[in-house]
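# Remarks on the overall topology
These are the residues of each chain, in order.
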Protein chains: 2
Amino acid sequence: MSDVIVIGHKAPDTDTVCSAIVYAAIKGYKAATPGELNEETAWVLNYFKVPAPPLLQNAAGKKLVLVDHNEPAQVVDGADQAEIIEIVDHHKMNFVCNTPIYVHVEPVGSTATVLAKKYADWVKNNPTYAGLLLSAVLSDTVIFKSPTTTDEDKKVAADLAKIAGISDIQAFGIDIKKAKASIKGKPIADVIHVDFKDFDFGGKKVGIGQTELIDINECYDRAGEISSYLNELKAGKGYAMVVFIGTDIIKEGSELYFAGDAAVMEKAFGKKPEGASMWLDGVMSRKKQVAPPLEKAFTS
Amino acid sequence: MSDVIVIGHKAPDTDTVCSAIVYAAIKGYKAATPGELNEETAWVLNYFKVPAPPLLQNAAGKKLVLVDHNEPAQVVDGADQAEIIEIVDHHKMNFVCNTPIYVHVEPVGSTATVLAKKYADWVKNNPTYAGLLLSAVLSDTVIFKSPTTTDEDKKVAADLAKIAGISDIQAFGIDIKKAKASIKGKPIADVIHVDFKDFDFGGKKVGIGQTELIDINECYDRAGEISSYLNELKAGKGYAMVVFIGTDIIKEGSELYFAGDAAVMEKAFGKKPEGASMWLDGVMSRKKQVAPPLEKAFTS
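Residues numbered from 1 in each chain as written. Chains lettered and ligands numbered in written order. Predicted model: local features only at pLDDT ≥ 70, side-chain atom pairs only at ≥ 80, totals over all residues. Heavy atoms only, no water.

### Some thoughts on a positive patch on the surface
- Together, Lys27(A), Lys118(A), Lys27(B) and Lys118(B) make up a positively charged patch on the protein surface.
- Tracing the chain through its elements places Lys118(A) in helix α3 (residues 111–118). (Patch = residues over 30% accessible without salt bridge, like charges linked within 9 Å, V, L, I, M, F, W, Y side chains within 5 Å. Areas by Shrake-Rupley, 256 points an atom, 1.4 Å probe, with all protein chains shown as cover. Salt bridge = Lys/Arg side-chain N within 4 Å of Asp/Glu carboxyl O. Lys, Arg positive; Asp, Glu negative; His and termini not counted. Charge placed at Lys NZ, Arg CZ, Asp CG, Glu CD. Helix = DSSP H or I, 4+ residues; strand = E, 2+ residues; numbered from the N terminus.)

Structure (structure tokens):
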């Protein structure tokens, strides 16, 4: 077996983990994860009876394929002392290297979509892996509700569902989301960090966490707790701003909690925050609807 | 017709121009060039009776596909005010954007190789464009002598030659190279700038020009003239270093002329320069054999 390791981003989600597993299987590489799986991903792997990839928290000295990310801040620790040989992704590029490597990025709803298109012939004969890719598409596009969703994601999902023997895509998507879509009884630090990404916006360190919920009232009930944790995080870790996105996947909108300059939030989203948060109707995607306006507000 | 423009890098070469023309034809886009064509490229277009793409020296406000480059320093002027929707390339990545776009990069000998592989079915039915791609592969790999050459380049070239009706690939490659492989009677500034690229090595501006020759003695005869022009260029344009690579494609090596710190050259290439230049046996590729060690010498 090859010594190449396929690995997703820190704070792994279903797309990054499933894409790593499937791409490793296609290429004869090994898969790994830089962090513990979240409840949704664990539910998906359990559903398809696929073992979790081993944890790799420092990749120094390894040969890596990065899936579902390319920004240095999201890469596994030690990657600066690893050899990155390939990138498969669906995010904006922020990547510099010293030698030409394989890079395949498409502006679609999930990395799984990129893989399902490129390796359609392989996937056709591997229903379990088709199921993992379907789960990843549904997870990353929030069952096609995220504005990152493209027609290709829907087409690919329909094909994958047939191969995997999933008859009701919507119902399967809600099953996946239910596994993680509640913060009841969870420590607030865990809630905020389960899907948390660091960004560099014009030299400023900005952290953005996101949780999807079936009912946003779960956030409203714990607003004070959320805000004090964000302020603590900002002060302790040198952030210019920390944002937590509570996304109601039924109402299709998000409450944005923040610790930082309210004027920057207003500049970014064209709406005055009420206290330490603001509701944004229709906003569901950190990548497409939260990070870009925030970056613009910080850099322009 | 779409308003998308496919464009190659500044100081255009045969790969960048032919790849732009062919990709524009495949996609129904328009091709453009950010600078005048060199003699080699003009010879190739004339051979296949394909008109030169129009000159576009400022791309502000346009929608662009970049072929054969991605580094900001090599992109057409005004690109910071253009929308870049896609990149097809075979160079190292040094690209940052605010939104996900299509990126397709492979570590092969030419961008033409990437296109010929991906659009094999289309190319099969378009012998003229197959001829352009073949010319680009032969040009960028220096008829397979450059260390950037991969088995895929050779395989693709064999297929393209069949489609284009070129029976002797080697002879055709030498015909292409002959069109530009002499500096006799040319002003030295033109010789140095015809294929000249700016790099940013750890914040230092470094310029590297290259010319291929059938006989390196043409450089030796004008060594003084080359050196004084490089020194003038360095002083006048704020370069930390300017290098000119005279590559003898028959002897398979290069004389590197430079204006700048001789100690950096020695650090980069492990050999003490004799005066203002040094011969490096086997060195033919700026991208693979000159730029990376120089970058390392400047940054480590």
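### Description of the domain arrangement of chain A
Residues and elements named next belong to chain A.
- Domains assigned within chain A are domain 1 (4–178) and domain 2 (188–299).
- Spacing between the C-alpha centres of domain 1 and domain 2 amounts to 24 Å.
- For the pair domain 1 and domain 2, the summed buried area comes to about 1600 Å², and 58% of that belongs to carbon and sulfur atoms.
- Viewed at the interface, domain 2 and domain 1 are joined by three salt bridges.
- Two residues, Lys 92 and Glu 295, come together in a salt bridge whose shortest N-O distance is 3.7 Å.
- Run the count over domain 1 and domain 2 and you get three residue pairs in polar contact (both at pLDDT 80 or more). (Domains from an automatic or database assignment. Buried area = accessible area lost by both parts, 1.4 Å probe. Polar contact = N/O pair within 3.5 Å; in protein donor to acceptor, adjacent residues only side chain to side chain.)

### Focus: helix α1 (residues 14–27) of chain A
All names here are of chain A.
- The end-to-end C-alpha distance of α1 is 20 Å, a good match for the 20 Å that 14 residues give at a rise of 1.5 Å each.
- Burial runs high along α1: twelve of the 14 residues are buried.
- Turning to α1, its buried residues number three or more, namely Thr 14, Asp 15, Thr 16, Val 17, Cys 18, Ser 19, Ala 20, Ile 21, Val 22, Tyr 23, Ala 24 and Ile 26.
- The N-cap of α1, judged by a side-chain oxygen 3.4 Å from the amide nitrogen of Asp 15 a few residues on, is Asp 13.
- Residue Gly 28 follows α1 closely and has a positive phi angle near 75 degrees. (Expected span 1.5 Å × (residues − 1). Buried < 20%, exposed > 50% of the residue type's maximum accessible area, 1.4 Å probe, protein only.)

### Comments concerning the interface of chain A and chain B
- Facing 22 residues of chain A, the contacting portion of chain B comprises 22 residues.
- Of the roughly 1900 Å² buried where chain A meets chain B, counting both sides, 60% is carbon and sulfur surface.
- Taken together, the connections running from chain A to chain B amount to zero salt bridges.
- Our count for the contact surface shared by chain A and chain B stands at five residue pairs in polar contact (both at pLDDT 80 or more).
- For the side of chain A that touches chain B, the secondary-structure elements that each account for two or more residues are β5 (94–96), β6 (102–105) and α12 (286–299) of chain A.
- A total of four residues in the side of chain A that touches chain B trace back to one element, the largest contributor, which is β6(A).
- Of the residues contributing to the side of chain A that touches chain B, the split by class is eleven nonpolar, six polar and five charged.
- Across three bridges, the pairing between β5(A) and strand β5 (residues 94–96) of chain B is antiparallel. Each bridged residue has a counterpart across the sheet, and for Phe95(A) the counterpart in β5(B) is Phe95(B). (Contact = heavy atoms within 4.5 Å. Nonpolar A, V, L, I, M, F, W, Y, C, P; charged D, E, K, R; others polar. Pairing = 2+ DSSP bridges.)

### Quick notes on the pairing of strand β4 (residues 83–89) of chain A
Residues and elements named next belong to chain A.
- Most of β4 is tucked away: five of the seven residues are buried.
- Two elements, strand β3 (residues 63–67) and β4, share five bridges in a ladder whose sense is parallel. By the bridge assignment for β4, Val 67 is matched with Val 88.
- For β4 and β6, the ladder comprises four bridges, and the chain directions are parallel. Paired with Asp 89 across the strands is Val 105, a residue of β6.

### Describing the packing of aromatic side chains
- Taken as a whole and judged by the stated rule, the model has 22 aromatic pairs over all chains.
- Ring geometry for Phe201(B) against Phe298(B): centres 6.4 Å apart, planes inclined by 40 degrees, an arrangement best described as tilted. Pair noted here: Phe201(B) is in strand β7 (residues 196–201) and Phe298(B) is in helix α12 (residues 286–299), with a separation of 97 residues, a long-range link. The residues Phe201(B) and Phe298(B) share a single accessibility class, namely buried.
- Their ring planes at 35 degrees and their centres at 6.4 Å tell us that Phe244(B) and Tyr257(B) sit as a pair that is tilted. Here Phe244(B) is found in strand β9 (residues 241–248), whereas its partner Tyr257(B) is found in strand β10 (residues 253–259), with 13 residues between them in sequence. Across the pair, Tyr257(B) and Phe244(B) agree in class, each one buried.
- Grouping aromatic residues by their ring pairs yields a cluster made of Trp43(A), Tyr47(A), Phe48(A) and Phe172(A). (Phe/Tyr/Trp six-rings, centres within 6.5 Å; stacked < 30°, edge-to-face > 60°.)

### A word on the packing of helix α11 (residues 262–269) of chain B against α12(B)
Residue and element names in this part refer to chain B.
- The geometry of α11 relative to α12 is characterised by a closest axis approach of 8 Å and an angle of 115 degrees between their N-to-C directions. At the point where α11 passes α12, the crossing takes the right-handed sense. Here Val 264, Met 265, Lys 267, Ala 268 and Phe 269 of α11 lie close against α12, whose contacting residues are Gln 289, Val 290, Pro 293, Leu 294, Ala 297 and Phe 298. (Axes fitted to C-alpha atoms, helices over the stretch in contact; angles between N-to-C directions. Left-handed = near helix turned anticlockwise from the far one by under 90°.)

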